[in-house]
Amino acid sequence: MSASEQSRFWYLAPLNARRLLDLVALGIAPAAAAGLLAFAHTNRFSWGVLVAISILVVNQLISRTRYPLHLMPIARLATCCLTPLLGALLAWAASLFVGVGSLGDSLIPAVMGALPVAALGCWLKARFDRHVAVRIAVIGDPEVAEGLDREIAVAKIRGYQLAGWISVGGRPSIELAPGVSHLGSIEELRRVVRTHGIELLVHAQGPSGEVSRLDIFEGVGAACLDLPVRLIEASQFYEELLGHVPVGQINAAWFQYLMHPRYRRTPPISKRLFDIAIGSATLVVAAPLIALFAVAIKLSDHGPVLYRQRRVGEGGREFEMIKLRSMRPGAQADGAQWSSRDDDRVLPVGRLMRKLHVDELPQLWNVLRGDMTLVGPRPEQPELVSELERRFPHYERRSLVKPGITGWAQVRCGYAGTKEGSAWKLCHDLYYLKHRSLLADLMIICETSRALGQRAQFELEPPSEQFILLGEPGRAVGAPAPVFATEAPALVEGPAMTAVGPAIEPALRRGADGAAIHVLRP
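We now turn to the structure provided with this report. Predicted, not measured: the structure shown is a model, and the values here were computed from it. (Residues numbered from 1 in each chain as written. Predicted model: local features only at pLDDT ≥ 70, side-chain atom pairs only at ≥ 80, totals over all residues. Heavy atoms only, no water.)

**Here's the deal with the sheet that holds strand β2 (residues 160–167)**
A sheet is described by the order of its strands in space; here 5 strands give the open sequence β3-β2-β1-β4-β5, paired in parallel fashion. Only two strands of the sheet have a single partner each, and these edge strands are β3 (182–185) and β5 (230–233). Across this sheet, the average inter-strand angle for adjacent strands is 30°, counted without regard to direction. Pairing between strand β1 (residues 134–140) and strand β4 (residues 200–204): 5 bridges, direction parallel. Looking at the pairing, Ile136 lines up with Leu200 of β4. Across the sheet, helix α7 (residues 189–196) touches β1, β2, β3 and β4, and the angle it forms with β3 is around 150°. (Pairing = 2+ DSSP bridges. Helix = DSSP H or I, 4+ residues; strand = E, 2+ residues; numbered from the N terminus. Axes fitted to C-alpha atoms, helices over the stretch in contact; angles between N-to-C directions. Contact = heavy atoms within 4.5 Å.)

Here's what the structure looks like:
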């Protein structure tokens, strides 16, 4: 197909077809079905229009979430089912507010009719993604192309296919995994796009940074502006498709969103009310289960039931996290260390508790006290945090928000267990830091139930180190971030930790109240 033909039939490209299918199958079709049923039940056209518009509005609001629902099957199913229900409630409230009467029981057939249509739309979208894939080419770093190809396969993401990589400034002789081929150089970009049917170009800065980002964008625009192909940065593509931030492809400038006037440094009061309401209810329901395992622990070795451990929380401040004791007494006598699948320190009853995650339930008390939240990055031990901060760039940014019982990293990565596993979770924690919201917390809680029932604590192994960090330009993978050698006054704790600048070195000092506080030195 020639360039002019491609431009003429741009609406047939998978990227545009996917957006159109989302709008029609998941939005317009369920709304129209509900509106027709409401009209048939009431014989009032205006009410049918009101129901249809309300459901379509709710659908568009929910679809604007930045979380990748294709990685969240439970949350995706919940949104499909809740959209008609919430839209019907909105229509009912609007009818009362306008004073035209109540839609009454006409909403029941409207919702029941919209649900199967929405389910059919989800099935059609899954079928479309399985058979029609967007063809991708990576411009720049070939290792990013290799890592991206593997992660798409590991995450079982349908609808995207890596065609290969396009070299910038040479290096075409690098040997990569089978299936990741060299398509050509940046000078041949137009030919490559047309020959291989590329629909999405992903720019990944190479380790040497030999060609600037601006030059790449200017070159792509000059060669392909009239073709149906799109261009996106690797970090943004990873966020939108894979739900995490590739630490090796970002620098301190990525955190500029923290300085944006719209960014809310402190969580809204609704999140605190949400924690108190859900945390209290869950603690009451789980109390008998906690008591049962407390008796089992006591009978196993007559030791203490609860285990208190120092963890690093919001702003680097330490707090005591409460758990049901799953290890033998004195298990941490030799200092902080990672747990493992066959850890001989774990009690027999502790293995069952860890499998069911019952040992984490007392942390609901930490949530009610305000030390933790229901959804957020998992808190780590101070000794481990200090080591991870020295090894992985931006690790200290996790402490900008309260730690949580569950989180996006827990859902996607499971238990870390190693430094590399912690780096993989860091990629997801940074994503949550940028996109956190009450709706996101609700979806993560939904996905937690699936993760608990589907996978064991140590089943999820992190990918290779290159897969996590991708090779940051000018720095070896896994090498510590550069720091200033000179001493400088410590930055103010709390909001000042969000300052954007060069890599920073964590330090530990004592606050006025004697509590350990992690602070940052420029």
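**Description of the nonpolar core**
In this structure, Tyr67, Val138, Tyr160, Phe237 and Leu430 are the most contacted members of the largest nonpolar core, which totals 70 residues. If one sorts the elements of this core by residue count, helix α15 (residues 419–435) sits on top with 7 residues. Residues Ala137, Ile139, Ala163 and Ile216 belong to the second largest nonpolar core, which totals 16 residues. (Core = buried A, V, L, I, M, F, W, Y, C linked by side-chain atoms within 4.5 Å. Buried < 20%, exposed > 50% of the residue type's maximum accessible area, 1.4 Å probe, protein only.)

**Some remarks on a nonpolar patch on the surface**
A grouping of Phe39, Phe45, Val49, Ile53, Val57, Leu61 and Leu90 is seen on the molecular surface, where their side chains present a nonpolar patch of about 630 Å² in accessible area. Considering the arrangement of structural elements, one finds Val49 in helix α3 (residues 45–63). Look at Val49 and you get partly exposed, because its relative accessible area is 32%. (Patch = residues over 30% accessible without salt bridge, like charges linked within 9 Å, V, L, I, M, F, W, Y side chains within 5 Å. Areas by Shrake-Rupley, 256 points an atom, 1.4 Å probe, with all protein chains shown as cover. Salt bridge = Lys/Arg side-chain N within 4 Å of Asp/Glu carboxyl O.)

**Thoughts on the state of the cysteines**
In total, this model carries 1 disulfide according to the counting rule given. Note that Cys80 is cross-linked by a disulfide to Cys122, the S-S spacing being 2.5 Å. Because the sign of the S-S torsion sets the handedness, a value of about -55° for the bond joining Cys80 and Cys122 places this disulfide among the left-handed ones. Here Cys122 lies in helix α5 (residues 107–131) and Cys80 lies in helix α4 (residues 73–98), a separation of 42 residues in the sequence. Residue Cys80 is classed as buried on the basis of its relative accessible area, which comes to 14%. Between Cys413, a cysteine without a disulfide, and Cys427, which holds the nearest cysteine sulfur, the sulfur-to-sulfur distance is 7.9 Å. A relative accessible area of 2% means that Cys413 is categorised as buried. (Disulfide = S-S within 2.5 Å.)

**Quick word on a positive patch on the surface**
On the surface, Arg127, Arg130, Lys156 and Arg158 cluster together into a patch of positive charge. Counting through the fold element by element, Lys156 comes out in the loop between α6 (142–154) and β2. Judged by relative accessible area, which is 69%, Lys156 ranks as exposed. (Lys, Arg positive; Asp, Glu negative; His and termini not counted. Charge placed at Lys NZ, Arg CZ, Asp CG, Glu CD.)

**Examining the packing of aromatic side chains**
By the definition in use, this model includes 4 aromatic pairs. A centroid spacing of 6.1 Å and a plane angle of 80° characterise the contact between Phe39 and Phe45, whose relative ring orientation is edge-to-face. Assessed through its relative accessible area of 61%, Phe45 is described here as exposed. Taking the centre distance of 6.3 Å and the plane angle of 35° together, the rings of Trp408 and Tyr431 count as tilted. (Phe/Tyr/Trp six-rings, centres within 6.5 Å; stacked < 30°, edge-to-face > 60°.)

**What to know about α7**
Taken together, the buried positions of α7 are occupied by Leu189, Val192 and Val193. Looking straight down α7, one finds its buried side chains confined to an arc of 95°; they lie on one side. Looking at the packing, one finds that the buried side of α7 touches β1, β2, β3, β4 and α8 (213–224). Trailing α7 by a residue or two, Gly197 shows a phi angle of about 60°, which is positive. (Arc of directions from axis to C-beta.)

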